[in-house]
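One-letter residues, chain by chain:
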Amino acid sequence: MNEQKKKRLRRLYFKTLAITLAVCIALMGAAYGVFLYLVGGLNRSEIDESNLSVNEQYGDNKIMNIALYGVDSRNHDYQGRSDAILIASVNGKTGKVKLISIARDTYVSVPGYYDTKINHAYAYGGPELAIQTLNENFGMNITDYVTVNFDSLAEVIDEMGGVMVDVTEAERQQVNAYLLSGEPLRETGYINLNGPQAVSYSRIRKIDSDSMRASRQREVLASLFEKAKEINPLEYPSYVRKFAPMVETSLSNEEILKIASVGLKGSDLVLEQAAFPNDYIASTGQTINGGWYYVYDLEQAKDMLQQYIYEDIPFEQYGVTEESIEKTE
């Protein structure tokens, strides 16, 4: 092959490479444009991270912790006390999602105020103070949140075709007693609840306790999680566009894309659930200054939570050593 022919081939190679790169960049730009359109309906809220008391100990890892709040505002906004408080921990390496609920009656110190129920923080200072309260009392590094009004949650559940939960007769009666709209619930057992029924189910606590209420909330969210895993990826855009206006969040587009990349694992996604208080930490119900609270050792809870999230040690194995295992064998 002569030198002139070699030069022509090199020019052709670089020209082809340049065209290919240009096409890729154009496609990526178009894809990002579609993404911006889909999340354009989100209710965005900025928070000052310098006010969040972030624990920097676990800053450099693939785990993203997000505060999830459910508010029961009858004005269809995102204000008031947070009736549902959860931490969603998303592991980008393993594809594991951990959902930890904090009982709303947990006795904590709210920065700038006083010791009271943890759900008061959201009413006193919105998501910023609510996140700071979580970080200071549980040693977390949360910088973002997602808030859903319970009215919107009912719409989300209906769009997903309902949720499968196990309902007792006592729970069925409570669902109907506080059902705000729609058909009353007539069945018990493992059944499919529509949106209003599921929201009413999530609010139940008069027949047992606030921790059982939190357990019901996690059950509803776990069922939604399983439903989401079954969605055809081609349908994701339509669901994102529908649900975006129903939530308020501080998550940036880049952070949403990171979470979405984990979500693409589809059926390989794993959801684990935990809660405070639990059977592995001593807790009591106490009346303090006329109010009822869950009281437990927050230093122990902080240690349990950090080991659960970052070392993958379940609560039931907390404090269990190899020596203690050998003694029981």
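Below is a summary of the structure that appears in this document.

Scoring rules and cut-offs
- Once a new chain begins, its residue numbering starts again from 1 and follows that chain's sequence as written.
- Owing to the predicted nature of the model, reporting of local features is limited to residues with pLDDT of at least 70; listing and counting of side-chain atom pairs is limited to 80 or more, with chain, interface and lining totals taken over all residues.
- Working from all heavy atoms in the structure, the side-chain values ignore hydrogens and water.
- When a carboxyl oxygen of Asp or Glu lies within 4 Å of a side-chain nitrogen of Lys or Arg, that pair is called a salt bridge.
- Note on classification: 1.4 Å probe, protein chains only; a residue is buried when its accessible area is under 20% of the maximum for its type, exposed when over 50%, partly exposed between these limits.
- Here, any two strands with at least 2 DSSP bridges between them count as paired.
- Elements are defined by DSSP. Helices are runs of H or I of four residues or more, strands are runs of E of two residues or more, and each kind is numbered from the N terminus.
- Note on definitions: a residue-residue contact is assigned when non-hydrogen atoms from the two residues lie within 4.5 Å.
- Inter-axis angles, ranging from 0 to 180 degrees, are taken between N-to-C directions of lines fitted to C-alpha atoms, where helices are fitted over the stretch in contact.
- Aromatic rings from Phe, Tyr and Trp, taking only the six-membered ring of Trp, are treated as a pair when their centres fall within 6.5 Å; an angle between ring planes under 30 degrees marks them as stacked, one over 60 as edge-to-face, and anything in between as tilted.
- As a reminder, the over-ring test applies to NZ of lysine and CZ of arginine, requiring each to be within 6 Å of the ring centre and within 35 degrees of the ring normal.
- As used here, the term nonpolar core means buried Ala, Val, Leu, Ile, Met, Phe, Trp, Tyr and Cys residues forming a set that is joined through side-chain atoms within 4.5 Å.
- Roughly parallel refers to an angle under 35 degrees, roughly antiparallel to one over 145, roughly perpendicular to one between 65 and 115, and oblique to any angle outside these ranges.
- For any helix crossing, the convention is left-handed if the near helix is rotated counterclockwise from the far helix by under a right angle, and right-handed if that rotation is clockwise.
- For this classification, the nonpolar set comprises Ala, Val, Leu, Ile, Met, Phe, Trp, Tyr, Cys and Pro, the charged set comprises Asp, Glu, Lys and Arg, and every other residue, Gly included, is treated as polar.

1. Considerations on the pattern of salt bridges
- Applying the stated criterion across every chain yields a total of 12 salt bridges.
- Note that E183 and R186 form a salt bridge whose closest N and O atoms lie 3.4 Å from each other. For the pair E183 and R186, one class covers both residues: exposed.
- With its nearest N and O atoms 2.3 Å apart, the salt bridge here joins R216 to D208.
- Overall, D208 belongs to the partly exposed group, its relative accessible area being 35%.
- Through salt bridges with shared partners, one network takes in K96, K98, E272 and D312.

2. As for the sheet that holds strand β3 (residues 82-91)
- Strands sit in the order β1-β10-β7-β2-β3-β4-β11 across an open sheet of seven strands; the sheet is mixed. Strands with a single pairing partner mark the edges of an open sheet, and in this sheet they are β1 (43-44) and β11 (270-276).
- Taken together, the nine bridges between strand β2 (residues 63-71) and β3 define a ladder with antiparallel strand orientation. Opposite I66, over in β3, you have A88 as the bridge partner.
- Sheet strands touched by helix α6 (residues 210-229): β3, β4 (96-102) and β11. Its angle to β11, the strand with the most contacts, is close to 170 degrees.

3. Re unusual backbone geometry
- Of the consecutive residues F276 and P277, the connecting peptide bond is found in the cis state with omega at 0 degrees.
- Relative to the elements of secondary structure, P277 occurs in the loop between β11 and β12 (283-288).
- Positive phi, normally seen in glycine, also occurs at S53, with a value near 55 degrees.
- Here D312, not a glycine, exhibits a phi torsion of approximately 60 degrees, which is positive.
- By secondary structure assignment, the location of D312 is in the loop between α9 (298-310) and α10 (322-328).
- On the basis of relative accessible area, D312 is assigned to the partly exposed category, the value being 40%.

4. Side note on the pairing of strand β13 (residues 291-296)
- Examined bridge by bridge, β12 and β13 share six bridges and lie antiparallel to one another. If you follow Q286 over to β13, its bridge partner there is Y293.
- Hairpin remark: β12 followed by β13, antiparallel, with two residues in the connecting loop; positive phi at N289, about 50 degrees.

5. A look at the packing of aromatic side chains
- Following the criterion strictly, the structure yields nine aromatic pairs and no others.
- Geometrically, the ring pair formed by F276 and F315 is tilted, given 4.9 Å between the ring centres and 45 degrees between the ring planes. Linking F276 in strand β11 with F315 in the loop between α9 and α10, this pair joins segments that are 39 residues apart in sequence.
- For F276, a relative accessible area of 2% corresponds to the buried category.
- Judged by its relative accessible area of 5%, F315 falls in the buried class.
- The aromatic ring of Y308 is capped on one face by K98, whose charged end is 4.4 Å from the ring centroid.

6. Brief notes about the nonpolar core
- One finds Y69, I100, I102, L134, F138, F276 and Y296 to be the most contacted residues of the largest nonpolar core, which totals 38 residues.
- Looking at this core, the elements that each hand over two or more residues are β2, β3, β4, α2 (120-138), β11, β13 and α9.
- Residue contacts for I102: discarding those within four places in its chain leaves I85, I118, L134, F138, F276 and Y296.
- The next biggest cluster of nonpolar side chains, apart from the first, holds 36 residues, and it includes I66, A88, Y201 and L251.

7. A word on the packing of helix α3 (residues 150-159) against helix α5 (residues 195-203)
- In contact at an axis separation of 7 Å, α3 and α5 are set at 130 degrees when each is read in the N-to-C sense. By the angle between their directions, the pair α3 and α5 is classed as oblique. At the point where α3 passes α5, the crossing takes the right-handed sense. Facing α3, whose interface residues are F150, L153, A154, I157 and D158, α5 presents G195, P196, A198, V199 and R203.
- Partitioned by chemical class, the residues of the contact of α3 with α5 number seven nonpolar, one polar and two charged.

8. Overview of the pairing of strand β7 (residues 144-149)
- Counting buried positions along β7 gives six out of six residues, so the element sits mostly inside the fold.
- The alternating pattern of β7 places D144, V146 and V148 on one face and Y145, T147 and N149 on the opposite face, and all of these are buried.
- Of the pairings in the sheet, the one linking β2 to β7 comprises six bridges and is parallel in character. Bridge pairing in β7 links L68 to V146.
- Sheet topology note: the β7/strand β10 (residues 247-249) ladder contains three bridges and is antiparallel. Residue pairing for β10: V146 is matched across the bridge by T249.

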